[in-house]
Amino acid sequence: MIPIPSHAQTALTVLEQNGYDAYLVGGCVRDSLLGDTPSDYDITTNATPQQVLAAFLAYHTVETGLQHGTVTVVIDSVPVEVTTFRIDGDYHDNRRPDCVTFTGNLRDDLARRDFTVNAMAYRPSTGLVDCFGGQQDLRARLIRCVGVPDIRFGEDALRILRALRFASVLGFTIEPETAKSIHKNKTLLTHIAAERIQAEFFKLLCGINPAPLLDEYRDVLAVFLPEITAMFGFAQHTKYHDSDVWHHSLRALASIEAHSLPLRLAAFLHDIGKPACFTMDEGGVGHFYGHAKQSVELARNLLNRLKCDNATKHAVLTLIEYHDAELASTKKSVKRWLGRLGPELFFDLLRLQAADSMAHAAPYVAPRLHALGQIRTLAQEVLDEGACFSLRDLAVNGRDMITLGLEGRQIGAALDYLLTLVIDGAAENEKTVLLHAARGWIEETNTSNT
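Cut-offs applied
Residues numbered from 1 in each chain as written. Predicted model: local features only at pLDDT ≥ 70, side-chain atom pairs only at ≥ 80, totals over all residues. Heavy atoms only, no water. Helix = DSSP H or I, 4+ residues; strand = E, 2+ residues; numbered from the N terminus. Buried < 20%, exposed > 50% of the residue type's maximum accessible area, 1.4 Å probe, protein only. Contact = heavy atoms within 4.5 Å. Lys, Arg positive; Asp, Glu negative; His and termini not counted. Charge placed at Lys NZ, Arg CZ, Asp CG, Glu CD. Pairing = 2+ DSSP bridges. Disulfide = S-S within 2.5 Å.

Asks: What am I meant to see in the overall build of the chain here?
Replies: Regarding its fold elements, the chain presents 22 helices and 13 strands. Dimensions along the principal axes, computed over C-alpha positions, put the chain at roughly 90 × 60 × 35 Å. Per-residue burial for the chain yields a buried fraction of 50% across its 450 residues. Taking all contacts inside the chain whose residues are at least 6 apart in sequence as the whole, residues at least 24 apart take part in 63%. Positive and negative side-chain charges in the chain, numbering 43 and 55 respectively, have mean positions lying 1 Å apart.

Asks: I tried to follow the pairing of strand S2 (residues 42-45) on my own but got confused; where do I start?
Replies: Residues in a regular strand point their side chains to alternate faces of the sheet. When strand S1 (residues 22-25) meets S2, the two strands line up antiparallel, connected through four bridges. Residue pairing across strands places Tyr 23 opposite Thr 44, the latter belonging to S2. With four bridges connecting them, S2 and strand S5 (residues 78-84) associate as parallel partners. Opposite Thr 45, over in S5, you have Thr 84 as the bridge partner.

Asks: Please explain the state of the cysteines as it appears in this structure.
Replies: The final tally for this structure, using the stated rule, is zero disulfides. Between Cys 131, a free cysteine, and Cys 28, which holds the nearest cysteine sulfur, the sulfur-to-sulfur gap is 16 Å. Between Cys 206, a cysteine without a disulfide, and Cys 308, which holds the nearest cysteine sulfur, the sulfur-to-sulfur distance is 11 Å.

Asks: Would you explain the environment of Leu 327 in this entry?
Replies: Structurally, Leu 327 can be placed in the loop between helix H16 (310-322) and helix H17 (331-341). Along the sequence, Leu 327 and Ile 375 sit 48 residues apart, while their C-alpha atoms lie 7.8 Å from each other. Other than its neighbours up to four places away in sequence, Leu 327 contacts Trp 337, Phe 346, Leu 349, Leu 350, Gln 353 and Ile 375.

Now the structure itself:
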């Protein structure tokens, strides 16, 4: 038995009471069999779209895609997609069928789907319908195309990335013939919109253990991320590293928790600029001067091309910019970094630097992790103490500076000066103390300008 929430059960019941067959289908069946709670429930039926609309007259419906057989029914404020059994026509754009033909046969509908684990249907009255071995592949933890892989990927090239995404998120492996076809058909991804690629790639990055998958299918990634190819096999020629740039980056990625997309992106891309910055000294030691800046520029171009949202992009680029920064184990330094980045991004930077360190040669891992642990402790102490480390924490503000006769850029300059005094421990964060210090700064500034 698969547990079914009330809104989905209502949809099944309404269709059946009107004389139609109706089944839960696709991801909700897969997730339920895995013991997970589905995020949504899709239904397939032999009712035509017009018959579905007629059956749900008492409910709010949205004609989502009538030409493809889909109607969205809102039940208890939850949208449920109801799609007619169908057979897809030809795919001339490698993305969507040119037309569909409605059918009364459930097997025909399941046969058009991408992978066996997504090609199962279920209804309480008759149980599970599994025509293509989806249950067996779930037990074997395999992603396998329904039918001939070359045909499936030729119909919709996005399925190439969907296969990798499902393998990453579910912790599955990809069946050999399906894997072979992915490599063979990888260039079909050039027909897919950047937004669609981004959605699948970002989910792939946040899977259970994406690093081995990214390595095995790096040729596929390079179709839409050509910048990464320079990292493949690029030796670093330094005692601090025992792997090439590509595998170092994957090892760093593997140390980042799955839920953090900006951190995983930053780990994946933090050294992408190294090959372009490589030099070797007379002793045969490799150097990568300025690689953080170069990595930021390459990552920016890459994220822009993938239509990444601004908040994620800002976080990723900031983390890459400072991933190699020297952080001192002092409260003064920690306060400055907290003020510059904010607590959330600063702690993410510490996590990135730790992941980067763990991907170095073994003798250099422990000392760096120890130092980062000290910095993390200091940062938490600063926060727990409610210490001043940003302008908003100061006991004075811009209005106070205006009352002292300052205007324009002078206001910001004075506040920056006062914040430095507080962080350095040269002044207490009290209004009278800071106003006195500000008057002294004004006198000194006026004297130096005359």
